[in-house]
Every structure is written in structure tokens, then in C-alpha cells.
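Coordinate inspection notes
Next come the chains, spelled out residue by residue.
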Amino acid sequence: MKKIISLIVLISFAACYSCNKEVLNKKPLNIISDADVFKDPALINAYLTQVYYDMPILGNDCSGSGSFDGDGSWHAFDINDVSDESFPQFRDWNPSNAFTYKYGNLNINGGLLDWWGYNTVREINQFLEKLPASPLPADQVKAKIAEARFLRAFCYFSMVKRYGGVPLISSVQGINEPQSALFPARDTEQKVYDFIISEIDACANDLPEVVTGDNLGRPSKYAAIALKSRAALYAGSIAQFGTVQLNGVVGIPASAAKTYYQESYDASQVIIKSGKYALYNLDANKATNFRNIFLVKNNSEVIFAKRHDNVNEATGGNGWGVDFFNCPRPQAWGRGLYDQAYLELAESFEHIDGTPGTLDRTAVQSKIMSTDELWANKDPRFFATFYTQNTSWKGTKLDFHAGIKLPDGSIITSGAYNGTAATGDQDYQGTGLGVLKYLDESHDNMAGANSGWATSAQDWLIFRYAEILLNNAEAAFELGNTADALNSINQIRSRAGIAALGSVTRDQIHHERKVELAFEGQRYWDVRRWRTAVHDLSVRWSGIRYILDGASGKYQIQIINNVDGASNIPQFRAENYYLPLTVGRTSNNKNLVENPGY
């Protein structure tokens, strides 16, 4: 069946009522056939651009595109909210229900992070089939084929990390093909990872070493190699920690772990030794420096990014919604603070001397203290990742206090004391910790009601150099090269402004990844591939309250246990290491077997 592409502007023409044969035989003016598309360089570029739009997973693993389904909306944060990082706090109305799946609610009906990307895969396969006959110069054909193969590999990576083995379809299916081709069975998880790696090996050198100008946002050679670094690392850890089931449809034999770790390590080394990228390290203030990784476009750390501008996506721009939803108040809906972080994640950030950042909860609740004392000597990345009581924002200090302690020891939560309102103007009923990473203080958060919220211009970093160092460290450690692992970890810690490690363990590597990559869409997938999610995501998490001491101006700290709510008990079950294919898909294709446990 031929694909048709609707024209952006329809050509106006006079109505004709005569039914002569000549008129009836004229080509429609509002559609363009495949044959026409692949004769026109502009339409070829438009076709490939459409493929990017049809890959919402490039925007923090969103399942759909547009102002309400893609990263223009709250769905950009779903991946955070099913992990141990955060949960959404529009308590009277949560526009996304993704976070509810973390409470043991994922079943055969699916609905969580679902992306069965075969429509996009078909678009790419058609592009690969038809482009060679186009009038484009041979070098452009070669480069665009490499780009399309990268995108297809990314699609398959996005599916295999969700479902395990999926059908590998690498050519356009025709209606006259055998039933086994039209209704394919699932390939093994190992075969899908091998396909991804082989595609990168085949296409990477045909991609440009560096992309600039209008090509920013398209993959370079090193973006492809970064995908290989990540995908092979996933495959290695699944082989090492997972279990083979359904004859390999899910799981990878343990004997293959070292091979995949070596593939990941070698890919990371290509990027490291290229000299093309470096940790961003231009600001003397370490917290400011870490924030700017996500605010300064095209900096030395960015390998591949989804580009954004400040024009509302709903009106044809390419903005997204991070500022509008995650900003502190004031905000146009009187809300903000959509994603709120768990205290346990905040405690994961060490002190600058390398000692653990875990609070002595009994001690901090037994005395009056300032926020400077509470968070003294924390890893500077803490102050670049979270905002909380007294965080500087737009020339003022954020106020989360949830009551005032009077001289007689009583606490008021309404009215005022000595001219100070009993409660602050931020959401003091949530976790007490907002997500600062990616936020731009200059953004106008008072605009944006009536669907106009997708105006954040910050690029979404899909691959950055720090991840490559972390991938390198993890793969090196699992291969027995602890010296190289330690060096990579200490480069990241040095840039952060905290003490170097003298030796390194697997847990320390995992911990560094948790802190460095917080709220970057990595944590949920990491604990799944390490097979630690049953433990790590089945926790009753906490928040923090600040009660203002009226006499001293300091705070009485309260730890809020079970902050998700008494009836919301986080539970990740073993079957959740893979998402369900769902009844709809297995009913439509009897050759698809459902994942274990559903």
C-alpha cells in the first residue's frame, strides 16, 4: 500500500463540474505519491524529518507526539515517576497516570511507557528501499541511508529494552507475502541486540564526524557509537543478571555477558579517544557548572540531543514543557512543582569529602537548624538537581515552610506570626524537593495556560559524554579493568567537585550513575537491567517538611514517611522486568507469545 503525504499547503483551484474523462484522470493535487517523494530532494528531507517526529521516544521515552502526548506535556516525566526518583504532585488532578503503575498495577493490559514502533520502522524500511533510486548524489544517498539505519536501530533499542525480543523486520512487507512474514514471531532478545550493534557497525562511518548548523539534532558518527555503547552495556548486564526464558525470547545467555561488555567498552573508548567531547567544566561554581550542562546548547559534552526552541509546539514550534510543569511557583495554573523528588534520592548525593549524604533522621528532627546546616557540604550536583527551602530562584528564596513554631512550642498552619504567613508560597504538602535540573530561570512560567505551555528551548540530551564515561566504567569493571573504571568515575567526581575514590566497587559505579544521571530518563532502565528493581522500586519513600521557628528563623525538620500515601505501596514484581505485549497485540498476531508472568 502506497504511503501518501499530505501537503502542508493545499493548492486552491477552481471547481469543475464537468465529468469528462480528462478531468477524472487527473492526479489529485492534495497528495503526493511515493514515486514523487523520492524524486524531489526537498520531499526526501521532509520524509526523513517526519520519521523523527514519529519517534517520540527521542524525548525522554515518551510514547506519543504532540502537545498532550509527547514531551510538550507532562509525559516527558513519566519515566522519572515510575522510578525511585520522583512522583507527580498535582494532587487534586494528575494528568498522567503513569506513576500509578509503580504501585503494583502493571498487568497484561499494559499502558506504561508503551511504544510498539513498527509504523515508524516501516517508514524507515520504505525510505531505505526507495532512496537508492532517487536523484540525490551518491554521497548524500550514502549519508541518509546511514542516518535512517541509525534511527531504525534506535527504534529497536527502544522496543527491546521494553519488551525483550521483538520481531525483526528490516524490509517493507508486502500484502502477498507468506503469513509467517506478515505475522512474524518474536526474535530472541539476543538477536535484537545483535541486530542493533551490527547496524551501528555498518552505518557509523558513513555518518558525519561532526554535525553543525541545520544538521544539529541529527546523528553524527559518535552518536551512533554512543548508542552502541549503551545498547551493548544493557545486553551485557541482562546476560549477567537476568534469566533466559521462553527459549531466549527474553533474557540473554550468561556466557555472552563478557562479549557485550567488551563491545560497550570498545565503543566508549572510540568516543573517549576521539577527543571530540569533554566534560563541561567552564564555570567556577560547581553547582552552576552542572546546571549549565543542560542549559548551554551544543556544549562540549553533548553528543546527541533532541533540539528545542521557545516556540509553542501547538503552534508549529519545537518547544517542550519542562519549565511550565516543573518550575517553582508562581506559575500560570497556580501549580508548578509537578515532579517532586523523593528524599532518599536527595540523600544519595554525598558530601564533598565523599562521606554518605544520608541524614541522621532522628538527629535532624530533634533540633532547630538552618537549611545551610541541614545540607552543609553536599555534593554541588545536589544544588543543581533539586530546589527546596531557601533555594535561590529569580532573585528571591523559595519558601516551603509548612507552619510556624511559636515560642510556646505550638505550631500554627494558618494566619500569620509577626507578619510572616504561617505557610510558604510553594507546595509544602509534597515531598519538599522540586526538580531543578533542566529549568531555565528566565522562562516565563506565568504564560502557558490554554495549551501554550510547550515553550522551553532547552535541548534534551540523549547522549552526553558523562554517560560514556559511566558506561566505560561499568563495562571496564565487569571486564576486570578496575583501574580504568576508577579513572572514569573520578573524572566525573572531579568535575562535580567531590572527593576522588581510592578504589571502586560495582555498587559505587551504580551509585555514581544514579546521582550524575538523575532525571535524565536512565534510572528506571538501569535498575531493570541490573535486576535490582524488585528491591529498589519496592520502597516506601519519604519527603521533608520545614516548620519555621518563629524565634530563630531556623527550622524544625519533619520527615514525612510513606509520602506516596498510605494506600499507594510501591511494588515492582519480577515480571515487570519486561513490559507486557498486551492482549491486543497477541490477539492480532497469534505468533506473538506474551512475556512471562502476565
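Everything in this summary refers to the structure shown in the same document. All residue numbers refer to positions counted from 1 along the written sequence of the respective chain. Local features in this predicted model are restricted to residues of pLDDT 70 or higher, and side-chain atom pairs are both shown and tallied only at a pLDDT of 80 or more, whereas totals for entire chains, interfaces and linings draw on every residue. Side-chain calculation: all heavy atoms of the structure are included, whereas hydrogens and water are not.

In this section: the overall build of the protein. Put simply, DSSP H or I for four residues or longer makes a helix, DSSP E for two residues or longer makes a strand, and each gets a number counted from the N terminus. Across its full length, the protein holds 22 helices and 17 strands. Expressed along its principal axes, the backbone C-alpha trace of the protein runs to roughly 95 × 65 × 50 Å. Categorising residues by exposure relies on relative accessible area from a 1.4 Å probe, with only protein chains included: less than 20% of the type maximum marks a residue as buried, more than 50% marks it as exposed, and the intermediate range marks it as partly exposed. Every one of the 598 residues in the protein was classed for burial, and the buried ones make up 56%. Contacts: residue pairs with any heavy atoms within 4.5 Å of one another. Sequence-distant contacts, at least 24 apart, represent 72% of the contacts inside the protein between residues at least 6 apart. For every accessible area listed, the method is Shrake-Rupley and the probe measures 1.4 Å; residues are considered covered only by the protein chains on display. Only carbon and sulfur atoms are counted for the fraction: they give 52% of the accessible area of the protein, which is about 24,200 Å². His is not counted, nor are the chain ends; Lys and Arg add positive charge and Asp and Glu add negative charge. Lys charges are placed at NZ, Arg charges at CZ, Asp charges at CG and Glu charges at CD. With 56 positive and 65 negative side-chain charges, the protein shows a separation of 3 Å between the mean positions of the two kinds.

Here Asn 310 lies in the loop between β4 (302-306) and α12 (322-326). Note: C-alpha distance between Asn 310 and Ala 457 (147 residues apart in sequence) is 4.5 Å. If we ignore the near neighbours within four places in the chain, the residues touching Asn 310 are Thr 455 and Ala 457.

Our next topic: the pairing of β4. Most of β4 sits inside the fold, with 4 of its 5 residues counted as buried. Criterion used throughout: strands pair if DSSP finds at least two bridges between them. Bridging between β4 and strand β15 (residues 460-464) involves 4 bridges; their strand directions are antiparallel. When the bridges of β15 are listed, Ala 305 appears paired with Leu 461.

Bringing the packing of helix α5 (residues 118-130) against helix α6 (residues 138-163) into the picture now. Helix axes are fitted to C-alpha atoms over the stretch in contact, other axes to C-alpha atoms as well, and angles between N-to-C directions run from 0 to 180 degrees. Contact pair α5 / α6: the axes reach a minimum separation of 10 Å and the direction vectors enclose 160°. Overall, the two elements α5 and α6 adopt an arrangement that is roughly antiparallel. The way α5 lies across α6 gives a crossing that is left-handed. Touching Tyr 118, Thr 120, Val 121, Ile 124, Asn 125, Phe 127 and Leu 128 of α5 are Lys 144, Ile 145, Ala 148, Arg 149, Leu 151, Arg 152, Cys 155, Tyr 156 and Met 159, all from α6. Residues that form the contact of α5 with α6 fall into these classes: 11 nonpolar, 2 polar and 3 charged. When an angle is under 35 degrees it counts as roughly parallel; over 145 it counts as roughly antiparallel; between 65 and 115 it counts as roughly perpendicular; any other value is oblique. Note: crossing handedness is left-handed where the near helix turns anticlockwise from the far helix by less than a right angle, and right-handed where it turns clockwise. Under the scheme applied, nonpolar residues are Ala, Val, Leu, Ile, Met, Phe, Trp, Tyr, Cys and Pro; charged residues are Asp, Glu, Lys and Arg; polar residues are all the others, including Gly.

It is worth spelling out α6 at this point. One turn of the α-helix equals 3.6 residues, which is why residues spaced by three or four share an orientation. To estimate the expected span of a helix, subtract one from its residue number and multiply by 1.5 Å. An ideal rise of 1.5 Å per residue puts 38 Å on 26 residues; α6 measures up with 37 Å between its terminal C-alpha atoms. A large share of α6 lies buried, amounting to 19 of its 26 residues. Residue Gly 164 follows α6 closely and has a positive phi angle near 80°.

To continue, consider the nonpolar core. Counting residues in hydrophobic clusters, the biggest one holds 164 residues, and the most contacted among them are Phe 150, Tyr 156, Tyr 193 and Tyr 524. Only buried Ala, Val, Leu, Ile, Met, Phe, Trp, Tyr and Cys residues count toward a nonpolar core, and they belong to the same one when joined by side-chain atoms within 4.5 Å. Ranked by size, the runner-up nonpolar core spans 6 residues in total, among them Phe 99, Tyr 103, Tyr 342 and Val 563.

A few words now on the pattern of salt bridges. Any carboxyl oxygen of Asp or Glu within 4 Å of a side-chain nitrogen of Lys or Arg constitutes a salt bridge here. This structure, assessed with the given rule, holds 39 salt bridges. When the shortest N-O distance is used, the salt bridge between Arg 361 and Glu 347 registers 2.8 Å. Of this pair, Arg 361 sits in helix α14 (residues 361-364) while Glu 347 sits in helix α13 (residues 343-348); the two residues are 14 residues apart in sequence, bridging distant segments of the chain. For Glu 347, a relative accessible area of 8% gives the class buried. Through salt bridges with shared partners, a single network forms among Glu 301, Glu 350, Asp 379, Arg 381, Lys 437, Arg 464, Arg 493, Arg 495, Glu 512, Glu 516 and Glu 520.

Here the focus is the sheet that holds strand β6 (residues 368-369). An order of β6-β17-β16-β10-β11 is seen for the 5 strands of this open sheet, with the pairing classed as mixed. Since the sheet does not close on itself, it has two edges, and those belong to β6 and β11 (411-412), each with one partner. As defined by bridge partners, strand β16 (residues 543-549) adjoins strand β17 (residues 555-560) across 6 bridges and the pair is classed as antiparallel. For Leu 548, the partnering residue across the bridge sits in β17 and is Tyr 555.

Put simply, helix α9 (residues 221-241) and helix α17 (residues 465-478) touch, their axes get as near as 10 Å, and they point 35° apart. Note that α9 runs across α17; the crossing there is left-handed. Counted together, Ala 226, Ser 229, Arg 230, Leu 233, Gln 240 and Phe 241 of α9 and Glu 467, Ile 468, Asn 471, Glu 474, Ala 475 and Glu 478 of α17 form the full contact between these two elements. Along the lines of polarity and charge, the residues of the contact of α9 with α17 split into 5 nonpolar, 3 polar and 4 charged.

Okay, the packing of aromatic side chains next. Classification of ring pairs uses Phe, Tyr and Trp, with its six-membered ring standing for Trp, and accepts pairs whose centres are within 6.5 Å; under 30 degrees between planes counts as stacked, over 60 as edge-to-face, and the remaining range as tilted. Enumeration according to the criterion identifies 46 aromatic pairs in this entry. Taken together, a centroid distance of 5.2 Å and an interplanar angle of 75° make the contact between Phe 349 and Phe 386 edge-to-face. Of the two residues, Phe 349 sits in the loop between α13 and α14 while Phe 386 sits in strand β7 (residues 386-387), which places them 37 residues apart along the sequence. Across the pair, Phe 386 and Phe 349 agree in class, each one buried. Through a chain of ring-to-ring contacts, three or more aromatic side chains come together here, namely Phe 68, Trp 74, Phe 77, Phe 90, Phe 324, Phe 325, Trp 333, Tyr 338 and Trp 453. The ring of Phe 90 has Arg 335 sitting right over it, with the charged end atom 4.9 Å from the ring centre. The criterion for a charge sitting over a ring is simple: Lys NZ or Arg CZ within 6 Å of the ring centre, and within 35 degrees of the ring normal. Across the ring face of Tyr 577, the terminal group of Arg 531 is positioned such that the distance to the ring centre comes to 4.8 Å.

Once that is clear, we can look at helix α3 (residues 41-53). Spanning 13 residues, α3 covers 19 Å between terminal C-alpha atoms, matching the ideal 18 Å at 1.5 Å per step. Here α3 starts with a cap whose side-chain oxygen sits 2.8 Å from the backbone nitrogen of Ala 42, and that cap is Asp 40. Each polar contact in these results corresponds to two N or O atoms within 3.5 Å; when the atoms are within protein, one needs to be able to donate a hydrogen and the other to accept it, and residues that are neighboring in sequence are counted only if both atoms are side-chain atoms.

With that settled, the discussion passes to unusual backbone geometry. For the bond from Arg 329 to Pro 330, the omega torsion is 5°, close enough to zero to count as cis. Relative to the helices and strands, Pro 330 resides in the loop between α12 and β5 (339-341). Despite not being glycine, Asn 377 shows a phi value in the positive range, around 60°. Relative to the elements of secondary structure, Asn 377 occurs in the loop between α15 (371-374) and α16 (380-385).

On to the side chain of His 510, then. With respect to the element layout, His 510 can be found in helix α19 (residues 506-516). Here Trp 530 takes part through its side chain, which lies 3.3 Å from a polar atom of the side chain of His 510. The residues contacting His 510, other than those within four sequence positions of it, are Glu 474 and Trp 530.

Covalent bonding between the sulfur atoms of two cysteines defines a disulfide. Counting rule for disulfides: a pair of cysteine sulfur atoms within 2.5 Å. For the structure on display, the rule yields 0 disulfides. No disulfide involves Cys 155; its sulfur sits 13 Å from the nearest other cysteine sulfur, which is in Cys 203. With relative accessibility at 0%, the residue Cys 155 sits in the buried group.

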